[in-house]
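Understanding the architecture of this molecule
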Amino acid sequence: MSEEQDLAQQKKEAAAKAKAAALARRQSKESVTEEREGNMNVAKQKAAAAAKAKAVALARRQSKESVTGESEGNMDVAKQKAAAAAKAKAAALARKQSKESGIEESEGNMDVAKQKAAAAAKAKAAAFARKQSKESGIEESEGNMDVAKQKAAAAAKAKAAALAKKKELVGKEEDPEKAKAKAIAAAKAKAAAAAKTRARVEESTEAQTLDEPSPNQSILDQIVQAIERDLGQGALTDYYINNLSKDVPTLVAKPDTYFQIAKILRYDEQLNFHYLSELHGTDFETHMEIYVHLYSFNTNHSAALKVKLDRDSPVVPSLVPLWSGANWPECEAYDLLGILFQGHPDLKRILLGEDWVGYPLRKDYQPYDVEV
């Protein structure tokens, strides 16, 4: 009878355990839908802890039953297998619970998370804005300056455009003759201003000349004394130091004393200007002028001789008898200006043909054949 009672007692305990397990499963299923995210984590932890405890208990039980027959290597393998099985079971349970409760997660927790994320984003944006403000604080003034410059440039362009339009309208309304007269008046005013400027420069140059005597003044005095000694004081119309041409002593002769003065410059033992380096003519509209530049290799001095001629009949003695180098320059002056050199051995045109009409370097020159 005792064995039957033990069997009945065991069945009764087994039924109680099964009933308790079923009740636990039912309660678990009913509470799954009401758990929040925090409870889910607690449930996961509890399930994992229970699985680990069960695995440990199973491992101890298996260890006790197989102590005599199992080696240490088999024990380790068994423990690893048990632990792996427990972990797999816990993971499967967690996935199942997560799927069942995923649809019914609390919106309150979601709102809290969103609020936290929004607050963090605002804080990050504020910090970034402060950083940018500090970095751009130094450059703000330059930016404002650039804006101001652009505005000023735009205003200037607009003003210039308005002025141009105004001038255009005025120009359209004006009579062409009036516009031409205004242009001529403006040109004359500009020329007068330029002439005044040149006069001031010449005055300042003359003032400097008076203040600082030329180093060639003694040479000019020596030449003038030699000429006046032989030809008298009336032989020269003027003499001076040409400050615009390296302080060259310059003599202005009369047409009838031109050759005699040149002869003194050539053969005087103290002067001895035996080299003629230049001879050319110029049309000044009121008169013609011959310019001769001489040089002495003995004294290393230069001198210039000028003579003014009548423009209608420019005639002057030739210097070829004194300097053979005057031959071609005198032919050129005759060819282009029409100046006659008396006593020249072969005066002819060397650039233009003998049948050419007129002298191209004269200010009033008009081509004979305009179409050519």
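Residues numbered from 1 in each chain as written. Predicted model: local features only at pLDDT ≥ 70, side-chain atom pairs only at ≥ 80, totals over all residues. Heavy atoms only, no water.

Summing up its helical and strand segments, the chain has nine helices and seven strands in all. Considering the chain as a whole, with its 372 residues, one finds that 23% of them fall into the buried category. For the chain, the share of sequence-separated contacts (at least 6 apart) that also reach a separation of at least 24 residues comes to 53%. Accessible surface, the chain: about 27000 Å² in total, of which carbon and sulfur atoms supply 55%. (Helix = DSSP H or I, 4+ residues; strand = E, 2+ residues; numbered from the N terminus. Buried < 20%, exposed > 50% of the residue type's maximum accessible area, 1.4 Å probe, protein only. Contact = heavy atoms within 4.5 Å. Areas by Shrake-Rupley, 256 points an atom, 1.4 Å probe, with all protein chains shown as cover.)

With that settled, the discussion passes to the packing of helix H7 (residues 217-231) against helix H8 (residues 258-267). Each pair of packed helices can be summarised by the angle the axes make with each other and by the distance between the axes. Relative orientation of the contacting elements H7 and H8 amounts to 125°, with a least axis distance of 10 Å. In terms of axis orientation, H7 runs oblique to H8. Crossing angle aside, the handedness with which H7 passes H8 is right-handed. Contacts between H7 and H8 involve Ile 223, Ala 226, Ile 227, Asp 230 and Leu 231 from the former and Gln 260, Ile 261, Ile 264 and Leu 265 from the latter. Residues of the contact of H7 with H8, tallied by class, amount to seven nonpolar, one polar and one charged. (Axes fitted to C-alpha atoms, helices over the stretch in contact; angles between N-to-C directions. Parallel < 35°, antiparallel > 145°, perpendicular 65-115°, else oblique. Left-handed = near helix turned anticlockwise from the far one by under 90°. Nonpolar A, V, L, I, M, F, W, Y, C, P; charged D, E, K, R; others polar.)

A few words on the nonpolar core. Of all hydrophobic cores here, the largest spans 38 residues; its most connected members are Ile 223, Leu 251, Tyr 258, Ile 261, Ile 290, Val 292 and Leu 319. Those elements that provide at least two residues to this core are H7, strand E1 (236-242), strand E2 (248-253), H8, strand E3 (275-283), strand E4 (288-296), strand E5 (301-309) and helix H9 (327-337). Per-element accounting of this core gives the leading share, six residues, to H7. Dropping the residues within four chain positions of it, Ile 223 is found in contact with Leu 251, Leu 265, Leu 271, Phe 273 and Ala 303. (Core = buried A, V, L, I, M, F, W, Y, C linked by side-chain atoms within 4.5 Å.)

This part is about H7. Taking 1.5 Å per residue, 15 residues should reach 21 Å; H7 reaches 21 Å between its end C-alpha atoms and fits that length. Residues of H7 that are buried: Ile 219, Leu 220, Ile 223, Val 224, Ala 226 and Ile 227. End-on view of H7: buried residues confined to an arc of 160°, all on one side of the axis. For H7, the exposed residues set more than 90 degrees away from the buried face come down to Gln 225 and Arg 229. Those residues of H7 that are buried lie in contact with E1, E2, H8 and E5. Among the residues trailing H7, Gly 232 stands out with phi positive, at a value near 95°. (Expected span 1.5 Å × (residues − 1). Arc of directions from axis to C-beta.)

Across all of its chains, the model carries two aromatic pairs by this definition. Both rings, one in Tyr 275 and one in Phe 297, keep their centres 5.7 Å apart while their planes meet at 55°; by these two values the pair is tilted. On the criterion of sequence distance, the pair formed by Tyr 275 in strand E3 and Phe 297 in the loop between E4 and E5 is long-range, its members being 22 residues apart. Judged by its relative accessible area of 40%, Tyr 275 falls in the partly exposed class. The partly exposed category is assigned to Phe 297, whose relative accessible area is 48%. (Phe/Tyr/Trp six-rings, centres within 6.5 Å; stacked < 30°, edge-to-face > 60°.)

So, about the sheet that holds E4. As summarised here, the arrangement of the five strands in space is E1-E2-E5-E4-E3, forming an open sheet in which the pairing is mixed. If you trace the sheet from one side to the other, it starts and ends with E1 and E3, each paired once. Shown here is a sheet whose adjacent strand axes are inclined to one another by a mean of 20°, direction ignored. The sheet contact formed by E1 and E2 spans six bridges and is antiparallel. For Asn 242, the partnering residue across the bridge sits in E2 and is Val 248. Taken strand by strand, H9 contacts E3 and E4, and its axis lies near 5° from that of E3. (Pairing = 2+ DSSP bridges.)

So, about unusual backbone geometry. In this structure, Glu 285 takes a positive phi of about 70° despite not being glycine. In this fold, Glu 285 is placed in the loop between E3 and E4. You can call Glu 285 exposed: its relative accessible area is 56%. Its identity as a non-glycine residue notwithstanding, Asn 300 has a phi of 60°, on the positive side. Summarising the element assignment, Asn 300 is placed in the loop between E4 and E5.

Moving on, we get to the confidence of the model for the chain. Scored by pLDDT, the chain has a mean of 79; 72% of the residues are at 70 or more. Highest mean pLDDT in the chain belongs to E4 (97); lowest belongs to helix H4 (residues 107-137) (64). Note on residues 67-71: pLDDT is under 50 here. Beyond four places in sequence and across chains, it has one contact. Long-range and interchain partners of residues 103-107, a stretch whose pLDDT sits below 50, account for two contacts in this model, where long-range means more than four residues apart. (pLDDT = per-residue confidence, 0-100.)

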